[in-house]
Amino acid sequence: MKTLKDVGIGQTAKVKKLHGEGAVKRRIMDMGLTKGTEVLVRKVAPLGDPLELKVRGYELSIRKADAELIEVE
């Protein structure tokens, strides 16, 4: 299983499935990361946390722990 955390800088991935439960999953979906969404990884902080993404035309920063819950293809 490949997660958003495994995607390299400058690469695009498509959200395949969201893992997690309840409020965590809802928060990820509220940020626009839903099934079928194209995501571009723009930057990764020096220590690997957080990741800066481009989703649906806007910039989004998420924690590495949240990125591990997003399965991509």
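Note that the structure is predicted; figures quoted are calculated from it, not measured. (Residues numbered from 1 in each chain as written. Predicted model: local features only at pLDDT ≥ 70, side-chain atom pairs only at ≥ 80, totals over all residues. Heavy atoms only, no water.)

A. Layout of the overall build of the protein. Along the backbone of the protein there are 2 helices and 5 strands. Starting at the N terminus, the α and β elements of the protein follow one another as β-α-β-β-β-α-β. The C-alpha atoms of the protein give 11 Å as radius of gyration, which agrees with the globular expectation for 73 residues (11 Å, within 12%). Across its three principal axes, the protein shows a C-alpha extent of roughly 30 × 25 × 25 Å. The buried share among the 73 residues of the protein stands at 34%. Once local pairs closer than 6 in sequence are excluded, the contacts in the protein between residues at least 24 apart make up 56%. Per element, the accessible surface of the protein, about 4,400 Å² overall, is 52% carbon and sulfur. Across the protein, the 15 positively charged side chains and the 11 negatively charged ones have centroids separated by 2 Å. (Helix = DSSP H or I, 4+ residues; strand = E, 2+ residues; numbered from the N terminus. Rg over C-alpha atoms; globule rule 2.2 N^0.38 Å. Buried < 20%, exposed > 50% of the residue type's maximum accessible area, 1.4 Å probe, protein only. Contact = heavy atoms within 4.5 Å. Areas by Shrake-Rupley, 256 points an atom, 1.4 Å probe, with all protein chains shown as cover. Lys, Arg positive; Asp, Glu negative; His and termini not counted. Charge placed at Lys NZ, Arg CZ, Asp CG, Glu CD.)

B. Representation of the sheet that holds strand β1 (residues 12-18) within the structure. If you walk across this open sheet you meet the 5 strands as β4-β3-β2-β1-β5, and the pairing is antiparallel. Across the chains shown, the open sheet's two edge strands, defined by having one partner strand only, are β4 (58-62) and β5 (70-72). Adjacent strand axes in the sheet meet at a mean angle of 45 degrees when their direction is disregarded. (Pairing = 2+ DSSP bridges. Axes fitted to C-alpha atoms, helices over the stretch in contact; angles between N-to-C directions.)

C. Region of the structure containing the pattern of salt bridges. Per the counting criterion, the structure on display carries 8 salt bridges. A salt bridge links R42 to E59, with the nearest nitrogen and oxygen atoms 2.9 Å apart. Within this pair, whereas R42 is found in strand β2 (residues 38-44), its partner E59 is found in strand β4, the two being separated by 17 residues in sequence. Taking relative accessible area as the criterion, R42 reaches 37% and is therefore assigned partly exposed. (Salt bridge = Lys/Arg side-chain N within 4 Å of Asp/Glu carboxyl O.)

D. Representation of the environment of R63 within the structure. Of note, R63 is situated in the loop between β4 and α2 (64-67). Classification of R63 by relative accessible area gives partly exposed; the value is 45%. In the structure, R63 is positioned 18 residues away from A45 in sequence and 10 Å away in space, judged by C-alpha atoms. Ignoring any residue separated from it by four or fewer positions in sequence, one finds R63 in contact with R27, D49 and P50.

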